[in-house]
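For reference, the chains in residue letters:
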Amino acid sequence: MYSINFRLRTEKTQSDKRKVYVRLKINGVCATDFATSIMINTEQWDKVRQTIKGNTPLDYTNRSMLLKTQSDLIELIKANPIKGAKEIRNMYVGKTLAPATLLKVYQKFIEEQKEYWNGTQKELSQSTIKVWYNCKMHLEDFLKGYDIELQSIDMDFGHRLYLFLIKKNQKKDKLKTIGHDYAVRNLHYLNTVIEYAKRKRLVESNVLDIHDYRINKAKPIQALSTEQLDKLASLKFTGILEDARIIFLCMAYCGLNFCDLHHLEGLKGEDVITLRIDRKKNNHKDIDKAIIPIFPELRKILELYNYSLPLHEIGTINRHLHTFESILGVDISITTYTARKTFAMLLSERGVSLDVISKILGHTSVITTQRYY
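What comes next is a walk through the structure. (Residues numbered from 1 in each chain as written. Predicted model: local features only at pLDDT ≥ 70, side-chain atom pairs only at ≥ 80, totals over all residues. Heavy atoms only, no water.)

**Examining the packing of aromatic side chains**
Scanning the model with the defined rule gives ten aromatic pairs in all. A connected cluster of aromatic rings, assembled from ring pairs, spans Tyr106, Phe109, Trp132, Tyr189 and Tyr196. Sitting above the plane of the Tyr21 ring, Arg7 keeps its charged end 5.1 Å from the centroid. Taking the ring centre of Tyr60 as reference, the NZ or CZ of Arg63 above it sits at 4.7 Å. (Phe/Tyr/Trp six-rings, centres within 6.5 Å; stacked < 30°, edge-to-face > 60°. Lys NZ or Arg CZ within 6 Å of the ring centre and 35° of its normal.)

**Some thoughts on the side chain of Asn186**
When you line up the elements, Asn186 lands in helix H6 (residues 180-199). The buried category is assigned to Asn186, whose relative accessible area is 3%. For Asn186, the residues in contact, after removing those within four places along its chain, are Cys135, His138 and Leu165. (Helix = DSSP H or I, 4+ residues; strand = E, 2+ residues; numbered from the N terminus. Buried < 20%, exposed > 50% of the residue type's maximum accessible area, 1.4 Å probe, protein only. Contact = heavy atoms within 4.5 Å.)

**Focus: helix H2 (residues 85-92)**
Note: α-helices contain 3.6 residues per turn, so residues at a spacing of three or four share the same orientation. Among all positions in H2, only Ala85, Glu87, Ile88, Arg89 and Asn90 are buried. Here the buried face of H2 lies against strand E2 (17-26), strand E3 (29-30), strand E4 (34-41) and helix H1 (57-79). Just downstream of H2 lies Gly94, where phi reads positive at about 90°.

**A closer look at the packing of helix H8 (residues 239-254) against helix H12 (residues 336-349)**
Running from N to C, H8 and H12 cross one another at 35°; their axes reach a closest spacing of 7 Å. Between H8 and H12 lies a crossing of right-handed hand. Here H8 contributes Phe248, Met251, Ala252, Tyr253 and Cys254 to the contact with H12, which in turn contributes Thr336, Thr338, Ala339, Thr342, Phe343 and Leu346. Here the residues of the contact of H8 with H12 sort into eight nonpolar, three polar and no charged. (Axes fitted to C-alpha atoms, helices over the stretch in contact; angles between N-to-C directions. Left-handed = near helix turned anticlockwise from the far one by under 90°. Nonpolar A, V, L, I, M, F, W, Y, C, P; charged D, E, K, R; others polar.)

**A closer look at H6**
Across its 20 residues, H6 extends 29 Å between first and last C-alpha, which sits within 8% of the 28 Å expected from 1.5 Å per residue. Within the span of H6, buried status applies to Ala183, Val184, Asn186, Leu187, Tyr189, Leu190, Asn191, Val193, Ile194, Tyr196 and Ala197. (Expected span 1.5 Å × (residues − 1).)

**Structural notes on the pattern of salt bridges**
Under the definition given, this model contains ten salt bridges. The closest approach of N and O atoms between Asp33 and Arg23, which form a salt bridge, is 2.8 Å. Of this pair, Asp33 sits in the loop between E3 and E4 while Arg23 is found in strand E2, placing the two residues ten residues apart along the sequence. Given a relative accessible area of 37%, Arg23 falls into the partly exposed group. The partner of Glu112 in a salt bridge is Lys200, with the nearest N and O atoms 3.8 Å apart. (Salt bridge = Lys/Arg side-chain N within 4 Å of Asp/Glu carboxyl O.)

What follows is the structure, encoded as structure tokens:
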């Protein structure tokens, strides 16, 4: 749907004559009015018919120019069916629009999403916004700091980006590369941005082909059973092996990550049944704090060590935890991560709801908890 109307300039000028302007509207969107070269007296303008009155040769010429302008605009619209009013206007007046580029559109999409959901129940959390910006950063690295036109993206672009990502080192751990799932998430975020550009008519179609890239299904949970955990609690070792056992038990009884165990020191002298903390892994708001129940088993260990657990590197602890695999007769890999999984499974076995488990573990969304448990 389009409309092309003419109007006379309303503002007074030094001359008695005023310019005729064109107003173009496509699909309900109106472009900025632009001037023709026609100048006439106010009394010559027929506002109802939107044409020029008079029978002089100049009047006939000016009316023909209006019809030619209308005809040229209609031809442009039909030749460019996906372009909006602003683009057609600029094409007609000889101003070519700067082509839409990927990184600029990506940034515009993020800003628009933040503004769109601001103040609603679906307001984007800081962690979600951070992920969007991280994905954009990886895209910038892939493009080596250059921006590219959206029109230059081909079907193979996503495949090339995926290969780049899975070979790229993680920011936190330079020895590890980005995993498959995170790389696929980047592709799906990129696809969302291009779909956004398509809705904005910045590209004719989304040619990105990422249908074969899917996030892996959640792996089976590797956790100790209640009997296996009780057996580990009854054993006794010496040196660093004993330290590894104690650290694992503490994590299995509270669900904290290894990097958050220092929060337990604050329980000394405090007769409380829960501990609220901000997990180090994510920058949560207050409402997303992890709520840690203080079980008697945990309190007993902390009192034994005067609330000061042995200090070791996580890699050292994990190497020694593997020793318990043969001792307990399990066919899973025992690490500090297994302890956190064990804690969640223990809560589930005791009838604790998934919503509560999600809060205890400090997950941003219960969907994350559902995926694993």
